[in-house]
Amino acid sequence: MTVYFIGAGPGAADLITLRGARLLARCRVCLYAGSLVPRDLLAECPADARLVDTADLDLDQITDELVRADRAGHDVARLHSGDPSVFSAVAEQMRRLDAESVPYRMVPGVPAFAAAAAALGRELTVPTVGQTVVLTRLAQQATPMPPGEDLATLGASGALLVLHLAARYADRVAAELLPHYGPDCPAAVVAFASRPEERVLRGTLGSIADQVRTAGITRTAVILVGRVLTATPFRDSHLYSTTRERGV
């Protein structure tokens with residue numbers, strides 16, 4: 001049998017992929033993060049499926065559920081919010097499944113930063129303005145960041161930064177990035193992207209922390225900082241240029 005690590009998307013139930021939905025419909029066991037995965041998605045599961053909310057489970061308990069289901073001959077849907085390749089904690093689960101000789105596969109999902117970009121109505125890579133997107137987070141109350149991945153170091157690049165798990169610490173984000181981006185650099189916060197309760201804040205690095213505090217946003221949000229967020233005058237992409245050779 002197989003454990004499928006499925007990206008559930010950023011929040012809206014209809015943003016799961018077709019592959020993910022089809023797997024949900026045939027897996028007899030489904031583990032999901034109840035605080036992050038929309039309940040509507042569980043309607044895709046078989047009527048007699050075993051549904052396990054992992055919100056209050058530790059890694060050992062989650063592994064036990066996965067291994068037990070595999071030993072019973074059941075395929076398992078392991079639903080993670082967003083895309084399982086980023087900030088999903090699937091690596092340690094897969095490591096444990098390897099030790100138990102339990103097969104698994106990853107199924108991509110729509111990541112939170114993509115849903116945030118859609119909410120903002122912006123492309124995050126704009127010709128001559130910014131072609132690099134850095135996905136990162138803060139180490140506050142979480143696993144320490146590796147050396148060289150602090151905000152000051154990453155901010156020196158001037159690239160668009162997308163910070164997860166940082167809304168509660170917007171003041172710190174602004175303070176650490178101001179020397180590199182300046183107070184007038186565009187910034188935005190998108191909370192609960194794609195959900196009915198979605199909130200979008202637009203401002204500058206100098207003002208965004210106050211906006212976050214006033215709005216009372218503390219979780220399920222991403223912070224974006226970079227010039228591409230308001231770029232208007234920029235050169236057209238070479239992709240559709242009349243000077244580009246085609247059919248070669």
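As annotated in an unreviewed UniProt entry, the chain carries the name Precorrin-4 C(11)-methyltransferase and comes from Streptomyces tremellae. Under the heading Sequence similarities (unreviewed entry), UniProt records this for the chain: "Belongs to the precorrin methyltransferase family." If you open the UniProt record of the chain and go to Pathway (unreviewed entry), you find "Cofactor biosynthesis; adenosylcobalamin biosynthesis."

## Considerations on helix α2 (residues 59-71)
For α2, which comprises 13 residues, the first-to-last C-alpha distance of 18 Å matches the rise-based estimate of 18 Å (1.5 Å per residue) to within 8%. Restricting attention to buried positions, one finds in α2 the residues I62, T63, E65, L66, V67, A69 and D70. The elements touched by buried residues of α2 are β1 (3-7), β2 (29-32), β3 (50-53), β4 (76-80) and α3 (90-99). The backbone nitrogen of D60 lies 3.1 Å from a side-chain oxygen of the residue at the head of α2, namely D58.

## Observations regarding the pairing of β2
For a regular strand, the rule is simple: side chains alternate between the two faces of the sheet. Judged by which residues are buried, β2 turns out to be covered on both faces: V29 and L31 on one side and C30 and Y32 on the other are all buried. One ladder, built from four bridges, connects β2 with β3; its direction is parallel. Within β3, the residue paired with Y32 across the bridge is D53. Here four bridges tie β2 to β4, and the two strands are oriented parallel to one another. Within β4, the residue paired with V29 across the bridge is V76.

## What about the sheet that holds β1?
Overall, parallel pairing links the five strands, which are arranged β3-β2-β4-β1-β5 in an open sheet. Edge positions in the sheet fall to β3 and β5 (104-107), since each of these pairs with one other strand and no more. Adjacent strand axes in the sheet meet at a mean angle of 20° when their direction is disregarded. Bridge count for β1 against β4 is five bridges, and the pairing is parallel. Its bridge partner being in β4, Y4 is matched across the sheet by A77.

## Considerations on the pattern of salt bridges
The full count for this structure, using the stated rule, is 10 salt bridges. The closest approach of N and O atoms between E65 and R50, which form a salt bridge, is 2.9 Å. Of this pair, E65 sits in helix α2 while R50 sits in strand β3, placing them 15 residues apart in sequence. When the shortest N-O distance is used, the salt bridge between R172 and E176 registers 2.7 Å. On the criterion of helical spacing, the pair formed by R172 and E176 is a turn pair, its members being four residues apart in helix α6 (residues 170-181).

## So, unusual backbone geometry
The phi torsion of most residues other than glycine is negative, and most of the peptide bonds are trans. In this structure, F87 is a non-glycine residue whose phi angle is positive, near 50°. The topology assignment puts F87 in the loop between β4 and α3. Classification of F87 as partly exposed rests on a relative accessible area of 41%. The backbone of T128 shows a phi angle near 70°, a positive value even though the residue is not glycine. Along the chain, T128 falls in the loop between α4 (112-120) and β6 (133-137). Given the relative accessible area of 60%, T128 is considered exposed.

## A look at the layout of surface pockets
Any empty space left between atoms is shown by rolling a water-sized probe over those atoms. Size it by volume and the largest pocket reaches roughly 1,400 Å³. Lining the largest pocket are 47 residues, and of these L36, S81, F87, S88 and L165 lie nearest its centre. Elements represented by at least two residues in the lining of the largest pocket include exactly α2, β4, α3, α4 and β10 (221-225). Broken down by element, the lining of the largest pocket gets its largest block of residues, three residues, from α4. Its residues placed into classes, the lining of the largest pocket shows 25 nonpolar, 13 polar and nine charged.

Cut-offs applied
- Residues numbered from 1 in each chain as written.
- Predicted model: local features only at pLDDT ≥ 70, side-chain atom pairs only at ≥ 80, totals over all residues.
- Heavy atoms only, no water.
- UniProt positions renumbered as here; feature names shortened; annotations may be inferred.
- Helix = DSSP H or I, 4+ residues; strand = E, 2+ residues; numbered from the N terminus.
- Expected span 1.5 Å × (residues − 1).
- Buried < 20%, exposed > 50% of the residue type's maximum accessible area, 1.4 Å probe, protein only.
- Contact = heavy atoms within 4.5 Å.
- Polar contact = N/O pair within 3.5 Å; in protein donor to acceptor, adjacent residues only side chain to side chain.
- Pairing = 2+ DSSP bridges.
- Axes fitted to C-alpha atoms, helices over the stretch in contact; angles between N-to-C directions.
- Salt bridge = Lys/Arg side-chain N within 4 Å of Asp/Glu carboxyl O.
- 1 Å grid on protein atoms, 1.4 Å probe; cavity = no way out; pocket = protein on both sides within 12 Å on 5 of 7 lines; lining within 4 Å.
- Points joined across faces, edges and corners; volume = space filled by probe spheres on them.
- Nonpolar A, V, L, I, M, F, W, Y, C, P; charged D, E, K, R; others polar.

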